[in-house]
Amino acid sequence: MISTRARAILPSIVKHILLEIISIILFGASLVFFYQCVHFITQRDYVGALLLLLVGFAVIRAGVDLARLGFVRRK
Amino acid sequence: MASTSPFVYDVLMLRKSFALADVVLLVLGANLLSTFLLVPMLHYRGDELDGPLLASLLPISLLVAGVLTANRGILLFLVPVSLLLPLSLLPQLAGAKALSPTGFLLLAVALLGFTFGSAWVASTSRGAPLPSKRRQLEASPSVSRKHRRRLRIYTLFLLTCVAFPLTLIYALYLRPDAAALVEARFPERGPAASLLFGVLVTVFWLSVFLRYVAAPLRDHIRGDQNQRQQLKALEGRLHQRKAPASLYLYLLLALVMLALFWLHLRGSPPP
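Predicted model, so just to flag it, every value in this text is computed and none were measured. Here the residue numbers are simple positions, counted from 1 along each chain's written sequence. Each chain takes a letter, starting from A, and each ligand takes a number, starting from 1, following the order in which they are written. Restriction of local features to residues with pLDDT of at least 70 applies here, the model being predicted, together with a cutoff of 80 or more for giving and counting side-chain atom pairs; totals for whole chains, interfaces and linings are based on all residues. In computing side-chain properties, one takes all heavy atoms of the structure into account and sets aside hydrogens as well as water.

Enquirer: What is the right way to look at the interface of chain A and chain B in this model?
Expert: Much of the literature gives interface size as the accessible area that the parts lose upon coming together. Each side of the interface is counted separately: chain A has 38 residues, and chain B has 41 residues. Once two parts are brought into contact, the accessible area they lose, counted with a 1.4 Å probe and summed over both, makes up the buried area. Of the roughly 3,700 Å² buried at the junction of chain A and chain B (both faces included), carbon and sulfur atoms supply 77%. Salt bridges are counted wherever a side-chain nitrogen of Lys or Arg sits within 4 Å of a carboxyl oxygen of Asp or Glu. Summed over the shared surface of chain A and chain B, the result is zero salt bridges. Within 3.5 Å is the distance limit for a polar contact, defined as a pair of N or O atoms, with the added protein rule that one can donate a hydrogen and the other accept it, and that residues adjacent in sequence qualify only through two side-chain atoms. Scanning the region where chain A abuts chain B turns up three residue pairs in polar contact (both at pLDDT 80 or more). Counting from the N terminus, the helices are the DSSP runs of H or I reaching at least four residues and the strands are the DSSP runs of E reaching at least two. The set of elements that each furnish at least two residues to the side of chain A that touches chain B consists of helix 1 (4-42) and helix 2 (46-74) of chain A. Residues are sorted three ways: Asp, Glu, Lys and Arg are charged, Ala, Val, Leu, Ile, Met, Phe, Trp, Tyr, Cys and Pro are nonpolar, and all the rest, Gly among them, are polar. Considering only residue class, the side of chain A that touches chain B consists of 25 nonpolar, five polar and eight charged. In this description, contact between two residues means that some pair of their heavy atoms is separated by no more than 4.5 Å.

In structure tokens, the structure reads:
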């Protein structure tokens, strides 16, 4: 049996946990992009490496924003 | 020790620990020097070793000067940078061809050990007085929860700091085909290219570290007003059920760059 108060709080908790999980996934994804960037550098495909570097930075920034959002929601 | 005053006792104990710390730091530095320079020199088959041997006197003398003065600039910056001088004279001493994966990991451990040792010696020898009272954060349940949350954040930062460099080092040096790839792409300057990529990746990681780890931690320690205002503004937007515009902007940028990357892959011949 879930109390009324718990029912009111639950969506908020789920939301901030979800936001934190997505931000961690985005951090991991940026790591994959950086890894691929180094791989493309060693293959001398500098344009591809630069594009992947920018994708990595954009993804890590989006992760930071989501983590902030999760933090504010938790408060 | 009953007759000795607490102040004299503290001074004696601190001096004793500094002496021990100096010896430990010297051993860590010698370990780093031998792993990074002397062992590759011993295994190198060539006659051009006079220059690098002479150049390796610089990091040795800097190490001794750093340990004696406990100067953080010398220990944490000049000593590691001076290690690159012999390598710049003979790049064959470094890179994927010179070190096996196990040797590389040993070198990484040596470098980390020296860095932590230097940071510890530099921070304890500043003469900063030790706090007379220590607050037990675990004592109060409300503070303890906050403390636990902070510990979680610091642990995540630590994991990020381990995962990122390890992945980049693996991609550059430890992959089974890394050495062969660099040799095939840069037949005449393989070791130099490998060294250059290492420096570029180090600069890249340092910029990410300073921007996304060191800066937030510094703000966190100082209780930065700017950060608080940003969080308040974010809270205000959240009340209006609006996500920050920068989030959409960065997601859009990522998608556009991915689309460009896909077009680039379609346009270029397979490697």
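Enquirer: What is the right way to look at the packing of aromatic side chains in this model?
Expert: Both the distance between ring centres and the angle between the ring planes are used here to describe each pair of aromatic rings. Pairing of aromatic rings covers Phe, Tyr and Trp, the last counted by its six-membered ring, and requires centre-to-centre distances within 6.5 Å; plane angles under 30 degrees mean stacked, over 60 mean edge-to-face, and any other angle means tilted. Using the criterion set out here, one finds eight aromatic pairs over all chains in the structure. Between F34 of chain A and F204 of chain B, the ring centres sit 4.8 Å apart and the planes meet at 70 degrees, which makes this aromatic pair edge-to-face. One end of the pair, F34 of chain A, is in helix 1; the other, F204 of chain B, is in helix 9 (residues 190-222), on a second chain. Neither residue differs from the other here; F34 of chain A and F204 of chain B are each classed as buried. On the numbers, 6.4 Å between centres and 20 degrees between planes, the contact of Y35 of chain A with Y170 of chain B is stacked. Of this pair, Y35 of chain A sits in helix 1 while Y170 of chain B sits in helix 7 (residues 141-174), which puts the two residues in different chains. Relative accessibility under 20% of the residue-type maximum defines a buried residue, over 50% an exposed one, and the middle range a partly exposed one, all with a 1.4 Å probe and only protein chains included. Judged by its relative accessible area of 21%, Y35 of chain A is partly exposed. For Y170 of chain B, a relative accessible area of 37% puts it in the partly exposed group.

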